[in-house]
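Remarks on the overall topology
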Amino acid sequence: MRSLAFILMAGIIFAHGVFFLEQWLLIGAGLAFFQCWGVFKLKDIPRSLSLTDGLFFTLISCSLLGLLHPVKSSEGWMDALRWFTLWMSYRQARGIQGEENQQRMFNWIQAAGIMLAVLAWLPQLSLWAKGSGLFTVGIERLSSSVGYPNALGVYLAAVILLSPRLRIIQVLLFLTLLNTGSRASLVLFLLIMTGREIVKRRRSQQLRGSFIGIESKSLVKKPNREKLLFGVILISASLLSLIYMKGPSQHLLDWGIRNSLGERLLYFQDGIKLAWLYRGIPQAGGWFTFPLVQHIPYWTTDPHSLLIRVLLDQGIYGMLILSLWAILMMKRLIQNSKGRQFYIFSALLFLMLHALMDTDFLFGTLGILFWILIGMSVPYENKKHKNFNAIHFKLTSKRIIKFMPEYHNALKKFLPGAIYLFLGLLLLGAGIYLPRTGSLKAAEQEAKNTGDKQYTLSVLKKSLHNDQIQFSVRREIARLELELQGADALGAMENVLAWEKFNIRTYEWAQGLVLEEAEKRRKTNPREADILYQWSKELPSRLIKVSSVNRLERMLWPGAANFQPSEMMRFLKSTAEERQLTLR
């Protein structure tokens, strides 16, 4: 438990919420080493597998299968690493059983939230903070050491839903949540908190009515003066903070269709289009292909939805299995939502719903928090309740190695520990090796220096196959193919424009390069020169088609009417027309 709490605290305070690759590698290695230590120390670590473990193995496998159809190969490895790290968090959390141990874990989760809240308001104490706080600008959204206001808001809301005992802590966490300016976090939190209080009151009324034998409505307590006073103080403090912190208040009140709310509707729509385009197969970094289907220039190509991300990266099977697991898990949690489990359920419901529409588990601390709560809500040695999480696969070391009975006890102790030790060393090695992986870049430069265009082209294509979002490499491939193949290489130019359809400079570059190649082939191959002139002449008209969007998209892209050919493009067009006429 302490090791898991340490990982959570370190990820929140020192690692910006565990977002970047190096941070995931270090956190994953740390979890693997702690798991190894626990096995060697013969701690009570569950070794049986549940269907939740099966979910993780499926998602990890789909992430690796995506490497067969990569958009960005490193993202496939990154996805597998994320799910593996979250799986280890879940495995450790399953060992946290009993009221006392769970309360200690809650205290650690709450302590991390308090530290985040304090650092948000006092950025001078947060040496790693990227956001702004009260004593610097005074109008920015709070982000603390996480560096992203929405991620901070999600964590704080989840902590409040776990019901800290002290009122002052609740006030601090809520005021910080309010001043992150996170609309989805605040609205979801208020809805779930309100629903939870209604359920609690109804349960309380039914319980009193069943004991006394009278109608429960007559047993409603009078309003508690302490609670009323707490409510007045909380509302007053919230209003004062929003008046002073204008940035969060403006963001909270901005619900127009032109903000990110409208764009997210397009994210979901385009995400489904991409899944249909690629037939739902897993793709490493599949969500990076948004430029191929988008109709307006997004400010980001992140899908802002865990379900859409899984659909694009792990494929249709990964999404269906995750959806089925979520339905079964919610059903189980609702059935057992009593006592502490009731608060865990509300926090899990909040984290799950928020991941569907905004910040997902790319921020590792949010994912670790989610799977800690899942692990603590799943008893691993419960023979009385035969639900889907209590049904364990009969895969134990005793059955696997029963042909070696004399070594059974030793292998039962050391085999799992050795596996975790190997995985930890592997992650540490990756953390050391990956920053130095410049072999392919060096090969590209060496190929260019040789002057062999065919060899250079093959090296560049290999690089682009592993990372399709390299715009400069894609352009260089198009340029080389145009020199070598002439009009037959216009498909490579079309590919460049498909990925950069909203960049006027890209259109100018492509038009000028094709026109230049047409001039080179004017005497040696007039037929190809004519095709190249025609392509260069017709290119400006495509901008009109790109700017022809529907009403919703025009609201989200006010500059659509101004997306017109530049003066340079008009000049190149007229030049192509003149040279084409003289060619004939």
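Residues numbered from 1 in each chain as written. Predicted model: local features only at pLDDT ≥ 70, side-chain atom pairs only at ≥ 80, totals over all residues. Heavy atoms only, no water.

1. Observations regarding the overall build of the protein
Across its full length, the protein carries 26 helices and zero strands. For the protein, buried positions account for 51% of its 584 residues. Sequence-distant contacts in the protein: of pairs separated by 6 or more residues, those separated by 24 or more amount to 74%. Summing over all exposed atoms, the protein offers an accessible surface of approximately 29300 Å²; the carbon and sulfur share of this is 63%. (Helix = DSSP H or I, 4+ residues; strand = E, 2+ residues; numbered from the N terminus. Buried < 20%, exposed > 50% of the residue type's maximum accessible area, 1.4 Å probe, protein only. Contact = heavy atoms within 4.5 Å. Areas by Shrake-Rupley, 256 points an atom, 1.4 Å probe, with all protein chains shown as cover.)

2. Side note on empty space enclosed by the protein
Throughout the structure, instances matching the rule amount to two cavities of 30 Å³ or more. Its boundaries defined by the atoms lining it, the largest cavity holds a volume of some 120 Å³. Residue lining of the largest cavity: Asp79, Arg82, Trp83, Leu86, Leu306, Arg309, Val310, Asp313, Gln314, Asp360, Phe361 and Leu362, and that is the complete set. For the lining of the largest cavity, the residue count by class is six nonpolar, one polar and five charged. Within this model, the second largest cavity holds a volume of roughly 40 Å³. As for the second largest cavity, its lining consists of Leu274, Ala275, Tyr278, Gly280, Ile281, Gln283, Leu311 and Leu312. Listing elements by their share of the lining of the second largest cavity, those giving two or more residues are α11 (260–277) and α12 (306–313). Residue classes in the lining of the second largest cavity are distributed as six nonpolar, two polar and no charged. (1 Å grid on protein atoms, 1.4 Å probe; cavity = no way out; pocket = protein on both sides within 12 Å on 5 of 7 lines; lining within 4 Å. Points joined across faces, edges and corners; volume = space filled by probe spheres on them. Nonpolar A, V, L, I, M, F, W, Y, C, P; charged D, E, K, R; others polar.)

3. A closer look at the environment of Gly38
Take Gly38: it is sitting in helix α2 (residues 21–40). Sequence separation between Gly38 and Gly417 is 379 residues, and the spatial gap between their C-alpha atoms is 8.0 Å.

4. Considering helix α3 (residues 51–65)
Over its 15 residues, α3 runs 21 Å from end to end, which matches the ideal 21 Å to within 8%, given 1.5 Å per residue. Taken residue by residue, α3 has Thr52, Asp53, Leu55, Phe56, Leu59, Ile60, Cys62 and Ser63 as its buried positions. Contacts made by the buried residues of α3 are with α4 (73–93), α12, α13 (315–335) and α15 (364–376). (Expected span 1.5 Å × (residues − 1).)

5. Regarding the pattern of salt bridges
Within the structure shown, the criterion is met by 18 salt bridges. Where Arg479 meets Glu483, a salt bridge forms, and the shortest distance between an N and an O atom there is 2.6 Å. One end of the pair, Arg479, and the other, Glu483, are both in helix α20 (residues 471–485), four residues apart, so they sit about a helical turn from each other. (Salt bridge = Lys/Arg side-chain N within 4 Å of Asp/Glu carboxyl O.)

6. Section: the packing of helix α5 (residues 99–121) against α15
It is at 12 Å that the axes of α5 and α15 come closest, and there the two elements cross at 170 degrees. Accordingly, the angle class assigned to the pair α5 and α15 is roughly antiparallel. In this structure, the crossing between α5 and α15 has a hand that is left-handed. Residues Gln102, Met105, Phe106 and Ile109 of α5 lie in contact with α15, whose contacting residues are Leu369, Ile372, Leu373 and Met376. Partitioned by chemical class, the residues of the contact of α5 with α15 number seven nonpolar, one polar and no charged. (Axes fitted to C-alpha atoms, helices over the stretch in contact; angles between N-to-C directions. Parallel < 35°, antiparallel > 145°, perpendicular 65-115°, else oblique. Left-handed = near helix turned anticlockwise from the far one by under 90°.)

7. Focus: the environment of Leu152
The topology assignment puts Leu152 in helix α6 (residues 149–161). Put simply, Leu152 and Thr176 are 24 residues apart on the chain and 8.8 Å apart in space, counted from C-alpha to C-alpha. Ignoring sequence-local partners within four residues, the contact set of Leu152 consists of Leu116, Ala120, Leu142, Ser143, Ser144, Val146, Thr176 and Thr180.

8. Description of the nonpolar core
By size, the foremost hydrophobic cluster in this structure holds 143 residues, and its most contacted members are Ile109, Tyr155, Trp325, Phe350, Trp371 and Leu373. When near neighbours in sequence (up to four residues on either side) are disregarded, Tyr155 contacts Leu8, Ile12, Ile109, Ala112, Gly113, Leu116, Leu366 and Leu369. Listed in part, the six residues of the second largest apolar core include Leu457, Leu460, Val473 and Leu480. (Core = buried A, V, L, I, M, F, W, Y, C linked by side-chain atoms within 4.5 Å.)

9. Quick word on helix α1 (residues 2–13)
With 12 residues, α1 should cover 16 Å at 1.5 Å per step; its first-to-last C-alpha distance of 16 Å lies within 8% of that length. In terms of burial, α1 is largely enclosed, as 10 of its 12 residues are buried. Buried within α1 are the following residues: Ser3, Leu4, Ala5, Ile7, Leu8, Met9, Ala10, Gly11, Ile12 and Ile13.

10. A closer look at a nonpolar patch on the surface
On the surface, a nonpolar cluster with roughly 210 Å² of combined accessible area is contributed by Leu353, Leu356 and Met357. Met357 gets classed as partly exposed once you look at its relative accessible area, which sits at 34%. (Patch = residues over 30% accessible without salt bridge, like charges linked within 9 Å, V, L, I, M, F, W, Y side chains within 5 Å.)

11. Some points on the packing of aromatic side chains
Counted under the stated rule, the structure contains 18 aromatic pairs. Between the aromatic rings of Tyr90 and Trp371, the centroid separation amounts to 6.2 Å while the plane-to-plane angle is 80 degrees, which identifies the pairing as edge-to-face. Placement of the pair is Tyr90 in helix α4 and Trp371 in helix α15, with a sequence separation of 281 residues. This pair shows no difference in class: Tyr90 is buried, exactly as Trp371 is. Ring centres 5.1 Å apart and planes at 45 degrees place the aromatic pair Trp325 and Trp371 in the tilted group. Of this pair, Trp325 sits in helix α13 while Trp371 sits in helix α15, placing them 46 residues apart in sequence. The class for Trp325 is buried, based on a relative accessible area of 5%. Connected via pairs of aromatic rings, a cluster forms that spans Phe56, Trp83, Tyr90, Trp325, Phe370 and Trp371. Positioned above the aromatic ring of Trp287 is the side chain of Arg309, whose terminal nitrogen or guanidinium carbon lies 4.6 Å from the ring centre. Over the ring of Trp509 we find Arg475; its NZ or CZ atom is 5.3 Å from the centre of that ring. (Phe/Tyr/Trp six-rings, centres within 6.5 Å; stacked < 30°, edge-to-face > 60°. Lys NZ or Arg CZ within 6 Å of the ring centre and 35° of its normal.)

12. Focus on the confidence of the model for the protein
Close reading of the predicted structure is inappropriate where its pLDDT is low. For the protein, mean pLDDT is 79; residues scoring 70 or higher make up 78% of the total. Here residues 213–220 is modelled with pLDDT under 50, and outside its nearest four sequence neighbours on either side it reaches nine contacts, counting other chains as well. (pLDDT = per-residue confidence, 0-100.)

13. Here's the deal with unusual backbone geometry
The backbone of Ser163 sits at a positive phi, close to 60 degrees, despite the residue not being glycine. With respect to the helices and strands, the residue Ser163 is situated in the loop between α6 and α7 (167–178). A positive phi angle, near 55 degrees, is found at His304, a position not held by glycine. Tracing the sequence through the fold places His304 in the loop between α11 and α12. The class for His304 is buried, based on a relative accessible area of 6%.

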